[in-house]
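# Breakdown of the fold
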Amino acid sequence: MLSIKNLHASVEGEEILKGINLEIKAGEVHAIMGPNGSGKSTLSQVLAGNETFEVTEGEITLNGENLLDLETEERAREGIFLAFQYPVEIPGVSNLQFLRTAVNAMRTHRGEPEMNAAEFMKLAKEVSKQVDLDPAFLKRGVNEGFSGGEKKRNEILQALLLQPKLAILDETDSGLDIDALQVVSKGVNALRAKDRAILMVTHYQRLLNHIVPDHVHVLAGGKIVKSGGRELALELEERGYGWLGVKDEEATPSAAS
Amino acid sequence: MKPAPTLSSAFLEPGGQSLPAPLLELREQRGTALVDMPLPTRKTENWKYSSRHLKLSDELASTLPATGKDGLSLSLPGYRVVFHNGVMIPEASDFPDLDGIRIQRFADLDDDEAAGLAERLDNTLDTRAVQMARLNSARFEDGLYIQLDKEAVLDQPLFIVHEVTGTASGSAYPRIYVDAARHSQITVVEEYLSSGAEPVMVDTVTEFVLGDGAQVTNVRLVMEGENVQHIGATGVRQASNSRFESHCVGFGGPLRRHDLMVRLEGEGGECKLNGVVVTQGKQHYDNHTSIEHVAAHCNSEETYRNIAADESHAVFNGRIHIHEDAQKSNANMNNKNLLLSTGAEIDTKPELEIYADDVKCAHGATIGQLDKISLFYLVSRGIGRREANTLLTMAFINELVEQIPVQAVKDAAQLRLNDFFDQTFQEA
């Protein structure tokens, strides 16, 4: 489904990604782990098409189509979804209006009729329940005044509504207490499907206890230095990154939580 | 040194005569005082950014003819009064005869009523600060005099539609005077529209005098065409415990200028001034507001938003003057500005003069662009650029649009905003 070949990307002239190769097949769940500053978030942003990052070399294809030729919104309509590490607050735009506009943009792209306000409200309420978010949050400004956990649940809510082909979860577990982590994990697991792939970017192993990945990759210094199965994440939890020749001064993968 | 330009004598020709004698006399008196009136230049502080857009060519001096027909098909809820080129058109107007409320055109006043009005006209205005309002006082052809007796309540909004017809060049001088006695209530909506394409100037003055506990809401929607220079002044005087609310929504033109002056003269008075301005192309819009806290224990709350696209220019000047005796005043002024292009310009200036020592006075002004991260967030959900930009721009003014208490005005403003968004934002 997703194929990344020799991807190089830089921000303001500084190269962050230095030749990433990654193949993800439909139905698979991949986890990318790595210390702070290794380029994990950059990879997510580049996949979603953030123009702050410049791709200098390499290619990304989604089901054979060159992703780098597409604008951010076109990528989204082709099925790329990024759950933001820091979801953006947009006061003045109601969450409901935002979600309906997004869903209808997708439907229009697929040649389906738009959903009217009443139809959409019904759907949004149902999906809200799935991520344990009070429907009252639909009426508030986008992420406005939401707690960290509420923001993350709102991201998963969007993924469930938009039904992407590839969902990229950028540090979706950060800032969540254990209850919120379980709710979010339940939402992500509900996304698992044989025609959908999930790419989780995370610093910590604990999310992987709830959402079990098929493949784990270690990103360091802008490259994938090690790939393996689920056992790799457990090994990282025990041994840190040091044995891979990777420095992680800020934190070893947390066993604490 | 070049002498300062003065008002052309063409503007001082006597206008139409269909007014009661006391108002004709007043007009003549005001006209005499305008001989050789210096016109604002860029050295005139309150016209610094706008004087070069004020183009008073002699062809604008002629009074526009009253057309006597309803040019725009309007279906407005509530009561309505239609002015064409500054003259009221009775057959297009529809308002009730209610106990305690008199809505009369100037031309229909008897001499006693007219004499009473003549004594009061201009008394809400600082005519040094509103040079062009003086021209209105010398030129008005007709007007509307609204009187509410004590405790009278107008049960629906009164729409006053001012249309100018640019089939020939000229100027119009609409005039409104609202006298709201104690505990009376009224909502006055002013809509400024135009047709035709010849250069036209509208120089309009509206005055509100609020008695104790009176509640007046004024909605002002400025939507004239590219051929129209619009200069407006609104003067407000408030007695104790009265409340005045203003909602101004304006779209740009070659020159748009509005001076809004509020004097809080009795304790416990409150005013709320909201403004939204949208400019594009090479348009120019200048809002000057002034709130005078004369008496103690008054509140003022002011929120203005400017959005400037293309090479347009918006100006906000907000003055708050807290007089020596106005202890316990509470004044809050906020002006936020959004630049949608690198060629656009916005100038904002808060002016605070505080002479009392026990007051709360806050002000804030910002100028910014649409937030790139918010835009990325929206498009990353498949929302198109045009729609995403539109959502973010509406978010900037939503709070003010939502507060407009008259649905028909909200709808009309939204239609114009949609045109603006269509013209301003493109897909990637």
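Source: prediction; values computed, not measured.

### What about the packing of helix α4 (residues 372-379) of chain B against helix α5 (residues 385-403) of chain B?
Residue and element names in this part refer to chain B. At a closest axis distance of 9 Å, the pairing of α4 and α5 adopts a crossing angle of 130°. Comparing their axes, α5 and α4 come out oblique. As for the relative orientation of α4 and α5, their crossing is right-handed in sense. Here α4 contributes S374, L375, L378 and V379 to the contact with α5, which in turn contributes R385, A388, N389, L391 and L392.

### Looking at unusual backbone geometry
Residue and element names in this part refer to chain A. In this model, N6 sits at a positive phi of 50°, which is unusual for a non-glycine residue. Looking at where N6 falls in the secondary structure, it is placed in strand β1 (residues 2-11). Its 12 C-beta neighbours within 10 Å are what place N6 among the exposed residues.

### Some thoughts on the interface of chain B and chain A
For an interface, size is often stated in terms of accessible area lost upon the parts coming together. On the chain A side, the residues contacting the 18 residues of chain B number 21 residues. Elements that contribute at least two residues to the side of chain B that touches chain A include exactly α4 and α5 of chain B. Here the side of chain B that touches chain A takes 7 residues from α5 of chain B, the largest share from any one element. Tallied by class, residues from the side of chain B that touches chain A come to 9 nonpolar, 5 polar and 4 charged.

### What to know about the UniProt feature "domain: ABC transporter" (unreviewed entry) in chain A
UniProt marks residues 2-246 of chain A with the feature "domain: ABC transporter" (unreviewed entry), using the numbering shown here. With 36% helix and 29% strand, residues 2-246 of chain A has its two end C-alpha atoms placed 27 Å apart.

### Re the sheet that holds strand β8 (residues 185-196) of chain B
Residues and elements named next belong to chain B. Across the sheet, 10 strands lie side by side as β2-β1-β5-β8-β10-β12-β14-β16-β18-β20; this open sheet has mixed pairing. Bordering the open sheet on either side are β2 (87-88) and β20 (360-368), each of which pairs with just one other strand. The sheet contact formed by strand β12 (residues 243-251) and strand β14 (residues 270-279) spans 9 bridges and is parallel. What sits directly across from V249, in β14, is V276. Where α5 meets the sheet, its contacts fall on β12, β14, β16 (299-308) and β18 (330-339), and the angle it forms with β16 comes to roughly 140°. Where helix α6 (residues 407-424) meets the sheet, its contacts fall on β8, β10 (215-222), β12 and β14, and the angle it forms with β10 comes to roughly 30°.

### Concerning the pairing of strand β1 (residues 79-84) of chain B
Each regular strand shows side chains that alternate between the opposite faces of the sheet. Residues and elements named next belong to chain B. Extensive coverage of β1 is indicated by the burial of 6 of its 6 residues. Neither face of β1 is exposed, since Y79, V81 and F83 on one face and R80, V82 and H84 on the opposite face are all buried. Here 6 bridges tie β1 to strand β5 (residues 158-166), and the two strands are oriented parallel to one another. Considered in β5, the bridge of F83 is made with H162. Connecting β1 to the antiparallel partner β2 that follows it, the hairpin turn spans 2 residues, and N85 within it adopts a positive phi of roughly 50°.

### Brief notes about the packing of helix α1 (residues 21-32) of chain B against helix α3 (residues 131-139) of chain B
Helix-helix packing is described using two parameters, namely the angle between the two axes and the distance between the axes. Residues and elements named next belong to chain B. Direction vectors running N to C along α1 and α3 enclose 140°, while the axes themselves pass 7 Å from each other. In terms of orientation, α1 and α3 fall into the oblique class. Where α1 crosses over α3, the two elements pack in a sense that is left-handed. Facing α1, whose interface residues are R27, R30 and G31, α3 presents R134, S137 and A138. Grouping the constituent residues of the contact of α1 with α3 by class yields 1 nonpolar, 2 polar and 3 charged.

About the cut-offs
Residues numbered from 1 in each chain as written. Chains lettered and ligands numbered in written order. Predicted model: local features only at pLDDT ≥ 70, side-chain atom pairs only at ≥ 80, totals over all residues. Axes fitted to C-alpha atoms, helices over the stretch in contact; angles between N-to-C directions. Helix = DSSP H or I, 4+ residues; strand = E, 2+ residues; numbered from the N terminus. Parallel < 35°, antiparallel > 145°, perpendicular 65-115°, else oblique. Left-handed = near helix turned anticlockwise from the far one by under 90°. Contact = placed C-beta atoms within 7 Å. Buried ≥ 20, exposed ≤ 12 C-beta atoms within 10 Å, placed from the backbone. Nonpolar A, V, L, I, M, F, W, Y, C, P; charged D, E, K, R; others polar. UniProt positions renumbered as here; feature names shortened; annotations may be inferred. Pairing = 2+ DSSP bridges.

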